[in-house]
Amino acid sequence: MSISLEHGMLFVALLLFVSILAGKTSYRLGIPTLLLFLAIGVVVGSEGLGYIDFNDPQLAQTLGIISLNYILFSGGFDTRWKSIRPVIGKGVVLSTLGVLLTAGLVALVVWYFTSFTWLEALLLGAIVSSTDAAAVFSILRSKSVNLKGQIRPTLELESGSNDPMAYFLTVSLLSVMQAPDGSLWSIIPLFFLQFSVGALLGFGMGKLGQVVINRIKLDYDGLYPVLVLALVILTFSVTQLLNGNGFLAVYICGVFLGNRELIHKKTLIKFFDGVAWLMQIILFLTLGMLVYPSQMVPLLVPGVLISLFLIFVARPAAVMVSLSFFKMHQRDRLFISWVGLRGAVPIVFATYPMLIGIEKAPVIFNLVFFITVFSVLIQGTTLPIVSRWLRVALPHKLRRRTPVDIELSDSVKSEIVEVDVAMDSPAVNKKIVDLKFPKTALIVMINRDGKYLTPNGNTVLQPNDKLMVLAETRESLSEALEQVCTLPMED
């Protein structure tokens, strides 16, 4: 069916609009938002209302890779090193050993009970081995569930960093299946190469990004988000060309930049939060349109059995083994075991066998889609109940606010600036108590010769001091700066 440009744009706009409204409704109904996006994609596909006859795995994969880059970068950009540093060991083990064990256990069952060869079964296990951060935290936020102790940062680090491992396993197994004399042992050196190159380039591109963002003087503030958009794709592309893991590099680059001082950082965080949601909607809608529900009917029984095994056996076993190296409450391990939601990532990875022409590629894709839907539907809807049952959720009145929540809060009506005390400043050699600061302004910290001081009323200001001034309003900030600066403050 031929569609004009105007009709196509109208349809895309309506599709996004309906998806966002449906997502808001899903919060109240307890249905995971991302599952609704998938359902809308299926409904408007060729076997739904028939508006779009979409059968292009190559396009779906391209959109998926681009979307995953921005989703991973946004997840890393929101991650605070202070919160994940105590759980770095747990997160790394879960995202590597945990993924490998999950893939192996699923492969054993599929190989034993189906006609899949061992490599085909292992490929299916690798594709569904990673968890989805977007699905997990959208559900926790919609239900106002906040978690005790180190559970949230552990889940945050695991779900943000296990996609590169699943991607590596998927691509490596496909290369082994295509090689005449391929061996599983050949992927071991490839693992160290890809992850070392990915980690190094992630840090390197993050450092480069920090320097460029802070030192380049763009004429328009709106160009800074565009600059970072380009940096994300540049990081992925360069890393892939150098045989590294591009997804790992993008995630590490995001974490690095998210924990550095950047120009317009608050704007960048909000911008990429919106970009990540847009990418998730596009990704789920596209993958939903790629599905033919009639082809899934014959796979109903094996799909249910594999999903149940993954949820109740493979994921818990992988988590228990991985976390056995660390001291942790058993109920925390159980909850992490339950938070093993599969999202769009496995469906994207399932397009790789289709493009290469693996014999069982259509079966693998449909099974992966079924497993994803089943996982989100069962685990996603029960996360709040399980968190209360295991007593790992904080009471509503005690909910913690993350550093990002505080930084982005619209309810904080304050201004904070750094002020240099010049040699000719009227505040030189004066005590803070003698300055005519308004009651709604405060010097919260002084940087003196590289050392940070917590001031009091008797602290004497010296030339070249750097003052951190906090004020309730713009007006009180101006009044306070008049006591320190001889120049008028720029608007």
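Quick note: structure is the one above.
Because the structure is predicted, anything quoted here is derived from the model rather than measured.

Along the backbone of the protein chain there are 19 helices and four strands. Looking at the 491 residues of the protein chain, the share that counts as buried comes to 49%. Once local pairs closer than 6 in sequence are excluded, the contacts in the protein chain between residues at least 24 apart make up 79%.

Turning our eyes to something else, we now look at the packing of aromatic side chains. Under the defined criterion, the tally for this structure stands at 19 aromatic pairs. Look at Tyr167 and Phe349: their rings are 5.8 Å apart centre to centre, the planes differ by 50 degrees, and that puts the pair in the tilted class. You can see Tyr167 sitting in helix α8 (residues 151–178) and its partner Phe349 sitting in helix α15 (residues 344–349), a full 182 residues away along the chain. With respect to class, Tyr167 is no different from Phe349; both count as buried. Taken together, the aromatic side chains of Tyr167, Phe236, Phe247, Phe349 and Tyr352 make up a single cluster linked through ring pairs. Looking at Arg260, its charged tip hangs above the ring of Phe256, at a distance of 4.2 Å from the centre. It is Lys360 that lies over the ring of Phe116; its NZ or CZ is 5.7 Å from the centre.

Here we take up the pairing of strand β4 (residues 466–471). Burial of β4 is one-sided: the residues Leu467, Val469 and Ala471 facing one way are buried, the residues Lys466, Met468 and Leu470 facing the other way are not. When strand β2 (residues 441–448) meets β4, the two strands line up antiparallel, connected through six bridges. Its bridge partner lying in β4, Ala441 is registered against Ala471.

The next thing to look at is the pairing of β2. Along a regular strand, successive side chains alternate from one face of the sheet to the other. Both β2 and strand β3 (residues 451–453) contribute to a ladder of three bridges, which runs antiparallel. Looking across to β3, one finds that Arg448 is bridged to Lys451. Counting the residues between successive antiparallel strands, the hairpin from β2 to β3 contains two residues, one of them, Asp449, with a positive phi of roughly 55 degrees.

Right, let's get into helix α5 (residues 88–113). With 26 residues, α5 extends 37 Å from end C-alpha to end C-alpha; this agrees with the ideal 38 Å at 1.5 Å per step. Among all positions of α5, only Lys90, Gly91, Val93, Leu94, Ser95, Gly98, Val99, Thr102, Ala103, Val106, Ala107 and Val110 are buried. At its buried positions, α5 is contacted by α6 (118–127), α8, α13 (300–323) and α14 (330–338).

Moving on: the environment of Glu47. Here Glu47 shows up in the loop between α2 (33–43) and α3 (57–77). Separated by 247 residues in the primary sequence, Glu47 and Ser294 have C-alpha atoms spaced 8.0 Å apart. Setting aside chain neighbours within four positions, we find Glu47 in contact with Tyr292, Pro293 and Ser294.

Time to look at the packing of α5 against α6. Interaxial distance between α5 and α6 falls to 7 Å at its minimum, and their mutual angle equals 135 degrees. Judged on the interaxial angle alone, α6 and α5 are oblique. Helix-helix and strand crossings are classified by hand; for α5 and α6 the assignment is right-handed. Contacts from Ala103, Gly104, Val106, Ala107, Leu108, Val110 and Trp111 in α5 reach Trp118, Ala121, Leu122, Leu124, Gly125 and Ala126 in α6. Classifying every residue of the contact of α5 with α6 by side-chain character gives eleven nonpolar, two polar and no charged.

The next thing to look at is the nonpolar core. Residues Phe73, Phe335 and Phe349 are the most contacted members of the largest nonpolar core, which totals 106 residues. The next biggest cluster of nonpolar side chains, apart from the first, holds 18 residues, and it includes Val419, Leu461, Leu467 and Val484.

With respect to the element layout, Thr170 can be found in helix α8. If we ignore the near neighbours within four places in the chain, the residues touching Thr170 are Leu123, Ala126, Ile127 and Phe349.

As for its position among the elements, Asp332 is in helix α14. No salt bridge is formed by the buried Asp332; the nearest opposite charge belongs to Arg331, separated by 4.4 Å. Residue contacts for Asp332: discarding those within four places in its chain leaves Ile151 and Val392.

So, how was this worked out
- In every chain, residue numbers begin from 1 and rise along the written sequence.
- Confidence filtering applies because this is a predicted model: local features only for residues at pLDDT of at least 70, side-chain atom pairs given and counted only at 80 or more, and all residues used for totals across whole chains, interfaces and linings.
- Working from all heavy atoms in the structure, the side-chain values ignore hydrogens and water.
- A helix here means a DSSP run of H or I that spans at least four residues, while a strand means a run of E at least two residues long, and both kinds are numbered starting from the N terminus.
- Burial classes: relative accessible area under 20% of the type maximum marks a residue as buried, over 50% as exposed, and values in between as partly exposed (1.4 Å probe, protein chains only).
- Contact definition: two residues touch when any of their heavy atoms are within 4.5 Å.
- Aromatic rings from Phe, Tyr and Trp, with only the six-membered ring used for Trp, were paired whenever their centres fell within 6.5 Å, and each pair was classed as stacked if the ring planes differed by under 30 degrees, edge-to-face if by over 60, and tilted otherwise.
- Comment: the charge-over-ring label is applied if NZ (Lys) or CZ (Arg) is within 6 Å of the ring centre and within 35 degrees of the ring normal.
- In this scheme, strands are said to pair when DSSP sees at least two bridges between them.
- Take the number of residues in a helix, subtract one, and multiply by 1.5 Å to get its expected span.
- Every axis in this analysis is a line fitted to C-alpha atoms, fitted for helices over the stretch in contact. Angles between the N-to-C directions lie between 0 and 180 degrees.
- Any angle that falls under 35 degrees is termed roughly parallel, while one over 145 is termed roughly antiparallel, one within 65 to 115 roughly perpendicular, and all others oblique.
- Working rule for handedness: look at the near helix, and if it is turned counterclockwise from the far one by less than a right angle, call the crossing left-handed; if clockwise, right-handed.
- Residue type decides the class: Asp, Glu, Lys and Arg count as charged, Ala, Val, Leu, Ile, Met, Phe, Trp, Tyr, Cys and Pro as nonpolar, and the leftover types, Gly among them, as polar.
- Residues belong to one nonpolar core when they are buried, are Ala, Val, Leu, Ile, Met, Phe, Trp, Tyr or Cys, and are joined through side-chain atoms within 4.5 Å.
- Note on charges: Lys and Arg go in the positive column, Asp and Glu in the negative column, and His and the chain ends are not counted at all.
- The rule for a salt bridge is simple: a side-chain nitrogen of Lys or Arg has to be within 4 Å of a carboxyl oxygen of Asp or Glu.

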